[in-house]
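# Fold and contact review
The primary structure of each chain is shown beneath.
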Amino acid sequence: MFDFLESDDFENGWDQAETMANEAFELYEKGQMEQALEMLNSAIELRPEHSQWYFNAALSLDALEEYEKAIEYYTHALECDPDDVEILNCLGVDYTRTARYDLAISTFEKIEALQPDFEPAYCNRIIAYTEMELHDKAEQMFYLAQQINPDCPLCFYNIGNSLFSKGQYERAIWCWKKCAELEPTHPQIHFRLAQACWISGQGRQAHQEFIAELNRNPMDLEVILDFGVFLLESGDL
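Structural notes, computed from the coordinates. In every chain, residue numbers begin from 1 and rise along the written sequence. Two thresholds apply to this predicted model, a pLDDT of at least 70 for residue-level local features and 80 or more for giving and counting side-chain atom pairs, whereas whole-chain, interface and lining totals are computed over all residues. Side-chain calculation: all heavy atoms of the structure are included, whereas hydrogens and water are not.

Turning our eyes to something else, we now look at the overall build of the protein chain. Counting from the N terminus, the helices are DSSP H or I runs at least four residues long and the strands are E runs at least two residues long. A count of helices and strands for the protein chain gives 13 helices and zero strands. Order of helices (α) and strands (β) in the protein chain, N terminus to C terminus: α-α-α-α-α-α-α-α-α-α-α-α-α. The proportion of buried residues among the 237 residues of the protein chain is 42%. Partitioning the contacts of the protein chain with sequence separation of at least 6, the portion at a separation of at least 24 is 48%. By element, 52% of the accessible surface of the protein chain is carried by carbon and sulfur atoms, the whole surface being about 13000 Å². Between buried and exposed lies partly exposed: a residue is buried under 20% and exposed over 50% of the maximum accessible area for its type, with that area taken using a 1.4 Å probe on protein chains only. Residue contacts follow a heavy-atom distance rule, with two residues in contact if any of their heavy atoms lie within 4.5 Å. Here, Shrake-Rupley sampling with a 1.4 Å probe gives the accessible areas, and only protein chains in the shown set may cover a residue.

Right under this line is the structure:
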């Protein structure tokens with residue numbers, strides 16, 4: 001009788017946690033990140049061995065730009081599933097966001113060892129190496145990623161940032177145009193093109209790119225400010 005009750009309590013706890021996790025997913029899909037995180041934490045309290053729930057909680061924290069806390073949750077998820085390349089990839093991205101570049105690189109290298117054809121491990125390393133000003137290594141990662149997926153818009157965007165940092169504006173423009181071709185809605189792609197055209201003396205094209213970005217994101221204050229400075233420098237008072 002006692003064993004039966006223990007089993008019944010276990011199943012009830014699991015069912016309750018599963019229901020909470022499902023509700024959290026629905027909240028996440030609706031953009032209600034804080035509520036989703038609260039629900040996932042409740043599910044984790046009941047069933048702390050479930051790596052996917054830690055992972056989902058970390059994604060919610062990423063959406064809230066709480067990257068330090070997200071790292072903690074990704075780490076817990078890896079304790080449950082240490083070789084999950086998706087979790088490792090997200091952890092590497094957050095290490096980059098928090099300027100822990102050596103940890104980011106070692107995390108992406110672990111992914112490469114586990115699954116050499118996992119393209120994001122190369123694509124995201126471009127960002128880390130760019131931040132470290134190791135632009136030759138960033139370019140090496142770009143070409144490795146190209147061998148797996150030659151049409152990854154994020155790769156073209158990331159290597160464009162590296163080239164821009166090196167002052168190779170024409171090459172950066174080419175890469176960002178390729179990104180825009182592959183993914184026209186890529187965040188801030190026209191803004192980056194505007195900046196590169198502006199600094200390389202292509203004023204008319206820069207003006208068009210600023211307008212294209214503002215047509216998509218009319219309330220982006222960073223773009224509005226840069227466009228204002230551009231117009232002042234162009235004499236368009």
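Now for helix α8 (residues 135-148). Here α8 contains 14 residues, and its C-alpha end-to-end distance of 20 Å stays within 8% of the 20 Å for a straight helix at 1.5 Å per residue. Within α8, burial applies to His135, Ala138, Glu139, Met141, Phe142, Ala145 and Gln146. Across the axial projection of α8, the buried residues extend over an arc of 155°, all falling on one side. In α8, the exposed positions angled more than 90 degrees off the buried face are occupied by Asp136 and Gln147. Those residues of α8 that are buried are in contact with α7 (120-131), α9 (153-165) and α10 (169-182). One less than the residue count of a helix, multiplied by 1.5 Å, gives the span that helix is expected to have. Throughout, the arc means that of the directions going from the helix axis to the C-beta atoms.

As used in this record, nonpolar core signifies buried Ala, Val, Leu, Ile, Met, Phe, Trp, Tyr and Cys residues forming a set joined through side-chain atoms within 4.5 Å. Ranked by size, the top nonpolar core spans 36 residues in total, and within it Ile126, Cys155, Ile159, Trp176, Ile189 and Phe210 carry the most contacts. Elements with a minimum of two residues in this core: α7, α8, α9, α10, α11 (189-199), α12 (203-216) and α13 (221-233). When near neighbours in sequence (up to four residues on either side) are disregarded, Ile189 contacts Tyr157, Trp176, Cys179, Ala180, Pro184, Glu213 and Arg216. Membership of the second largest hydrophobic core comes to 27 residues, among which are Leu37, Phe55, Ala58 and Cys90.

Counted at 1.5 Å a residue, the expected span for helix α5 (residues 85-97) with its 13 residues is 18 Å, and the 18 Å between its end C-alpha atoms agrees. Counting buried positions along α5 gives ten out of 13 residues, so the element sits mostly inside the fold. Turning to α5, its buried residues are Val85, Ile87, Leu88, Asn89, Cys90, Leu91, Gly92, Asp94, Tyr95 and Thr96. Contact partners of the buried residues in α5: α3 (51-63), α4 (67-80), α6 (101-114) and α7. Sitting at the head of α5, Asp84 places a side-chain oxygen 2.9 Å from the backbone nitrogen of Glu86. Pairs of N or O atoms are called polar contacts if they sit within 3.5 Å, as long as, within protein, a hydrogen donor faces a hydrogen acceptor (for residues adjacent in sequence, only side-chain-to-side-chain pairs).

A word on the environment of Glu233. Turning to its location among the elements, Glu233 is positioned in helix α13. In terms of polar contacts, Glu233 uses its side chain to reach the side chain of Trp198, at 3.1 Å.

This brings us to unusual backbone geometry. One non-glycine residue, Glu133, adopts positive backbone phi at about 60°. Here Glu133 lies in the loop between α7 and α8. Glu133 sits in the exposed class, given a relative accessible area of 63%. For Gln188, which is not glycine, the phi dihedral falls at a positive 60°. Mapped onto the secondary structure, Gln188 falls in the loop between α10 and α11.

Let's shift gears to the layout of surface pockets. Empty pockets left among the atoms are what a rolling probe the size of a water molecule brings to light. Think of a 1 Å grid over the protein atoms and nothing else: a 1.4 Å probe that fits but is trapped marks a cavity, an open set flanked by protein within 12 Å on at least five of seven lines marks a pocket, and residues with an atom within 4 Å of a point count as lining. Grid points are joined across faces, edges and corners, and a volume is the space filled by probe spheres set on the points. Size it by volume and the largest pocket reaches roughly 710 Å³. What lines the largest pocket is a set of 23 residues, and nearest its centre among them are Val93, Arg97, Asn124, Ile127 and Leu154. Mapped onto the lining of the largest pocket, the elements with two or more residues apiece are α3, α5, α7 and α9. Take the lining of the largest pocket: its biggest share by element is seven residues, from α5. Lys, Arg, Asp and Glu make up the charged group, whereas Ala, Val, Leu, Ile, Met, Phe, Trp, Tyr, Cys and Pro make up the nonpolar group; the residues left over, Gly among them, are polar. Of the residues belonging to the lining of the largest pocket, the class tally is ten nonpolar, seven polar and six charged.

Two aromatic rings from Phe, Tyr or Trp, using only the six-membered ring of Trp, form a pair when their centres are within 6.5 Å; if the ring planes differ by under 30 degrees the pair is stacked, by over 60 it is edge-to-face, and anything between is tilted. If you walk through the whole model with that rule in mind, you get 14 aromatic pairs. Aromatic pair Tyr157 and Trp176: ring centres 6.5 Å apart, planes at 40°, arrangement tilted. With Tyr157 in helix α9 and Trp176 in helix α10, the pair connects residues that are 19 residues apart, well separated along the chain. Considering the side-chain rings of Phe191 and Phe210, the 6.2 Å spacing of their centres and the 50° angle between planes classify their relative orientation as tilted. With Phe191 in helix α11 and Phe210 in helix α12, this residue pair connects regions lying 19 residues apart in the sequence. Residue Phe191 shares its accessibility class with Phe210, and that shared class is buried. An aromatic cluster is defined as three or more aromatic residues linked by ring pairs; in this entry it consists of Phe191, Trp198, Phe210, Phe227 and Phe230. Put simply, a charge is over a ring when the Lys NZ or the Arg CZ is close to the ring centre, within 6 Å, and near the line of the ring normal, within 35 degrees. The ring of Phe164 has Arg192 lying over it, and the distance from NZ or CZ to the ring centre is 5.0 Å.

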